[in-house]
Amino acid sequence: MTPFRSRYVERSGLGAILDKVLSGERLSREDGLALYRHDDLLGVGTLANHVRETLHGDVAYYIVNQHINHTNVCVAGCKFCAFYRTAKQSDAYVLSPEDVERRMREHMHEPIREIHMVGGVNPDLPFSYYLDVIRTMKRVRPEVHVKAFTMVEIAAMAENFDMTPEEVLRRLKEAGLGSIPGGGAEILTDHAHQVLFKGKIDHRGWMEIAKTAHRIGLKSNATMLFGHVETLEERIEHMLLLREAQDETHGFMAFIPLAFHPENTRLSHLPKPSAADELRNLAVARLMLDNFPHIKAYWIMMTPRVAQAGLHFGADDLDGTVVTEEIYHRAGSMSPQMIGRHELVALIEEAGRVPVERDTLYNPVEAVPRRPPFDPRAVSPTPVDAAVAGDAARA
Ligand code: V47
């Protein structure tokens, strides 16, 4: 960290946490709470930015992907959700494998590397539906990585089809599943579970399935839905549970804080979290989750501009181009449904970072930076750093 920045962090009253960060000491529960309560957001952001730059230099990742929500029918009844419908409602839907194929074929001209598929807990679908949908996606685009079905959906499949979660995961993997998205975690505490989403698995169930997936070689992400009924203590508890699990499995790729969008939900009276709160959550996550390689500023949720600022508050990834997203748009998201690859690249460059297109597992697809790269000798090399350094040497 530059002397100017470390003086700034010290003067803002974060000297003790700065010392821990610089010496690589793990932050405690109390440190996490202090970061949430500290009144100087820029001080917290400067600390997080230091960790982010130590891990990733100036690189910011993006992916060209397509989101497909296969059904909005759901029996979980989560209070924060504007997306779900009961099977009898007129706008309830299920996409058949043929519908999924049609949606994919509309975008065959784009270099899509990932399909991100999540949906409701729909008890009317047979297990063969999930296998067919995955096989269809792999037939239409064999090179595409299928990141699909939350831990909650996996748990429901195990229960409905009388299988263990491991059996479900193994069979989905055999059909072509590549990894698991991070949804359904919400806030991993009993209080939040009771108040908001008692119709689905609690933190024990979510974590058990995440660990099982990791054990059989499926990586996953982890989200945190914040800004509703949870306390700051619960946000830290959520992160500590994830950090502990990651020490055990090393299977999480990215952490994604999701700000609650209240519109059209049963909690529509609540205010939407501020942009400052969104930035602070990225920063606290980057500092607390010292064993998570990536922190994602999900632009579709945060808006492109706030996500761009997030690249200086701990985030190293903006996620993807995202074609037709429904969960947040039903809940009042004002973001566009899709931005082109060039716009994503421009957003990253405008933020003073080096865009690197990645695949789902964070392997760089195209490691040629458009701006002069950061000094690779200043940080420990990641695969991307090494690729960037190699390109610079060849130029
Ligand atoms: O679990 C639902 C959230 C999640 C609302 O793994 C809401 O790369 C805000 O899994 N306001 C599903 N959030 C989305 C998801 C995801 C998204 C982006 C990236 C990845 C990844 C995964 O959406 C749900 C829930 O936490 N959600 N309703 C709402 N009104």
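Residues numbered from 1 in each chain as written. Predicted model: local features only at pLDDT ≥ 70, side-chain atom pairs only at ≥ 80, totals over all residues.

**A few points about the overall build of the chain**
Within the chain, the regular secondary structure consists of 16 helices and eleven strands. By residue count, 50% of the 395 residues in the chain fall in the buried class. Across the chain, every contact between residues at least 6 apart in sequence was considered, and the portion connecting residues at least 24 apart equals 76%. (Helix = DSSP H or I, 4+ residues; strand = E, 2+ residues; numbered from the N terminus. Buried ≥ 20, exposed ≤ 12 C-beta atoms within 10 Å, placed from the backbone. Contact = placed C-beta atoms within 7 Å.)

**Overview of the sheet that holds strand S5 (residues 177–180)**
What holds strands together in a sheet is hydrogen bonding between their backbones, with the strands either parallel or antiparallel. Pairing in this open sheet of seven strands is parallel, and the strands run S2-S3-S4-S5-S6-S7-S8 from one edge to the other. Because the sheet does not close on itself, it has two edges, and the strands there are strand S2 (65–68) and strand S8 (294–295). On top of the sheet, helix H5 (residues 127–140) reaches strand S3 (114–117), strand S4 (145–148) and S5; it is set at about 155° to S4, its chief contact. (Pairing = 2+ DSSP bridges. Axes fitted to C-alpha atoms, helices over the stretch in contact; angles between N-to-C directions.)

**Topic: helix H15 (residues 341–350)**
Residues of H15 that are buried include every one of Leu 344, Leu 347 and Ile 348, and no others. Each buried residue of H15 sits inside an arc of 95° when the element is viewed along its axis, so together they form one side. Facing away from the buried side of H15 by over 90 degrees, the exposed positions are His 342 and Glu 350. Buried positions along H15 lie against strand S1 (59–63), helix H13 (304–310), strand S9 (317–320) and strand S10 (354–358). Looking at the residues trailing H15, positive phi occurs at Gly 352, about 80°. (Arc of directions from axis to C-beta.)

**Concerning the packing of H5 against helix H7 (residues 165–175)**
The contact between H5 and H7 brings their axes to 8 Å, and the two run at 30°. When the axes of H5 and H7 are compared, the pair comes out roughly parallel. Between H5 and H7 lies a crossing of right-handed hand. For the pair H5 and H7, contact is made by Tyr 130, Leu 131, Ile 134 and Arg 135 and by Arg 171, Leu 172 and Ala 175, respectively. Class assignment of the residues belonging to the contact of H5 with H7 gives a composition of five nonpolar, no polar and two charged. (Parallel < 35°, antiparallel > 145°, perpendicular 65-115°, else oblique. Left-handed = near helix turned anticlockwise from the far one by under 90°. Nonpolar A, V, L, I, M, F, W, Y, C, P; charged D, E, K, R; others polar.)

**A word on the environment of Leu 18**
Tracing the backbone shows Leu 18 in helix H1 (residues 3–23). We classify Leu 18 as buried; it has 20 C-beta atoms within 10 Å. Considering only alpha carbons, one finds Leu 18 and Ser 6, twelve residues apart in sequence, at a separation of 7.7 Å. Dropping the residues within four chain positions of it, Leu 18 is found in contact with Ser 6, Val 9, Glu 10 and Leu 47.

**With respect to the nonpolar core**
Counting 110 residues, the largest nonpolar core has Leu 47, Phe 255, Leu 282, Leu 287, Ala 297, Tyr 298 and Leu 318 as its most contacted members. Shared between two domains, this core holds at least three residues of each, these being domain 1 (3–56 + 373–394) and domain 2 (59–357). Discounting residues that sit within four places of it in the chain, Leu 282 has contacts with Ala 48, Pro 257, Ile 295, Ala 297, Gly 310, Phe 313, Gly 314 and Ala 315. (Core = buried A, V, L, I, M, F, W, Y, C linked by C-beta atoms within 7 Å. Domains from an automatic or database assignment.)

**Focus: the confidence of the model for the chain**
When pLDDT is averaged across the chain, the result is 91; 89% of the residues are at 70 or more. Of the regions scoring below 50 in pLDDT, residues 368–395 engages in 32 contacts with residues more than four places distant in sequence or in other chains. (pLDDT = per-residue confidence, 0-100.)

**A closer look at unusual backbone geometry**
Backbone geometry places Phe 149, a non-glycine residue, at a positive phi of 70°. Assignment of secondary structure puts Phe 149 in the loop between S4 and helix H6 (151–160). Its 25 C-beta neighbours within 10 Å are what place Phe 149 among the buried residues. Even without being a glycine, Asp 319 presents a positive backbone phi close to 70°.

**A look at the pairing of S2**
Every regular strand shows the same layout, with side chains that alternate between the two sheet faces. Side chains Asn 65 and His 67 of S2 all project onto a buried face; the interleaved residues Gln 66 and Ile 68 project onto the opposite face, where all are buried too. Here S2 runs beside S3; their pairing, made up of four bridges, is parallel. The partner of His 67 across the bridge, within S3, is His 116. Once you follow S2 into helix H4 (residues 97–105) and on to S3, the crossover reads as right-handed. (Right-handed = clockwise from strand over helix to strand, strands pointing away.)

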